Amino acid sequence: MKIGIFSLSCCEGCSVQFLNLEEKILDLLKHFGIENFRLAKEYNEMPVDIAFVEGTPTNREEILKLLKIRKDCNVLVALGTCAVTGGVSAMVNTMSKKEAMEVYGGFPPEMPVDPKPLDYYVDVDYHLYGCPFSKEELMELITSIILGKKYKDKEYSVCVECSLRENNCLLDQGYLCLGPITRGGCKALCPSNGKPCLGCRGPYEDANIKGHIKVLQDIGFSKEEIIEALSLFSYEKLKEVIGWLKEE
Ligand code: SF4
Ligand code: SF4
Ligand code: SF4
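Residues numbered from 1 in each chain as written. Chains lettered and ligands numbered in written order. Predicted model: local features only at pLDDT ≥ 70, side-chain atom pairs only at ≥ 80, totals over all residues. Heavy atoms only, no water.

Undergrad: Even after reading the chapter, I still don't get the sheet that holds strand 3 (residues 48-54), so can you show me in this structure?
TA: Two modes of strand pairing occur in sheets, parallel and antiparallel, and in both the strands are linked by backbone hydrogen bonds. Spatially, five strands are ordered 2-1-3-4-5 in an open sheet, and the strand pairing comes out parallel. The open sheet has two edge strands with one neighbour each: strand 2 (33-37) and strand 5 (126-128). Direction aside, neighbouring strands of the sheet carry axes that sit 25° apart on average. Sheet strands touched by helix 3 (residues 60-71): strand 1 (2-7), strand 3 and strand 4 (73-79). Its angle to strand 4, the strand with the most contacts, is close to 135°. (Pairing = 2+ DSSP bridges. Helix = DSSP H or I, 4+ residues; strand = E, 2+ residues; numbered from the N terminus. Axes fitted to C-alpha atoms, helices over the stretch in contact; angles between N-to-C directions. Contact = heavy atoms within 4.5 Å.)

Okay, structure coming up:
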């Protein structure tokens, strides 16, 4: 099978995460040929069986590039938060046109398209969450594809993994932690290292977002602090609830 790793606008940290697979890349190469990977190869080819796409389109050329990748692959994987939720690039969408005019004299010229998740433009077969994505989840996904099994997203919160590790809850200690509404799968990386969850994996489907906002307000966080936290990685996914909170 042939795979390709493609970049749209982003920090390319997810491509680097692929390189960080180190010896696991050798296992991968037993099953796959890496046909297209700008960071690692001089000559790149299409089509591929599986396309991993990081980043989000921020201009017309990148939208066309994404549409072409979709046409030339069988399976498309949104790789990392930028691709899955629009990520940090989508924070530009938190500005009104008026604010953008004041700051940039218009929307930033290199960003004429409002950053959106990949599935706004094309069908996405799988999502690998996180900033950067989890190497373990990538290997789980690839193993599922090789075995012809269905790969399932984690439908529970970071809190579940945090509790399993018997961490002292940072929310109870007054930190603004987004673990209760954020999709698990990172093994509660940040709280396990004494830092609150910033929500880099985005909200999971049944997350009680309004309920968590109420908890944060009861602790004493201001509307602005909560909006800033929710906007960091998931503005595009949470803009309705952010709009509701603004109006409240
Ligand atoms: S998800 Fe994070 S690490 Fe990956 S490309 Fe986006 S900003 Fe970089
Ligand atoms: S520290 Fe955060 S992630 Fe861990 S249990 Fe508390 S709220 Fe959940
Ligand atoms: S704890 Fe939260 S911010 Fe940290 S890696 Fe996991 S989802 Fe991302």
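Undergrad: Where do I start with the site of ligand 2 in this structure?
TA: Every residue close to ligand 2 is listed here: Val158, Cys159, Cys162, Cys169, Leu170, Leu171, Cys177, Gly179, Pro180 and Pro191. Looking at the shell around ligand 2 residue by residue, the classes come out as nine nonpolar, one polar and no charged. (Near = heavy atom within 4 Å. Nonpolar A, V, L, I, M, F, W, Y, C, P; charged D, E, K, R; others polar.)

Undergrad: Before we go on, may I ask you to explain the pattern of salt bridges in this structure?
TA: Close approach of charged atoms lets side chains of opposite charge pair. Following the criterion strictly, the structure yields twelve salt bridges and no others. A salt bridge links Glu236 to Lys116, with the shortest nitrogen-to-oxygen separation between them at 3.7 Å. Of this pair, Glu236 sits in helix 10 (residues 223-247) while Lys116 sits in the loop between helix 5 (97-104) and strand 5, and the two are 120 residues apart along the sequence. The exposure class assigned to Lys116 is buried, which follows from its relative accessible area of 12%. With a closest N to O distance of 2.9 Å, Arg201 and Glu137 form a salt bridge. In this pair, Arg201 sits in the loop between helix 8 (189-192) and helix 9 (209-219) while Glu137 sits in helix 6 (residues 135-147), placing the two residues 64 residues apart along the sequence. (Salt bridge = Lys/Arg side-chain N within 4 Å of Asp/Glu carboxyl O. Buried < 20%, exposed > 50% of the residue type's maximum accessible area, 1.4 Å probe, protein only.)

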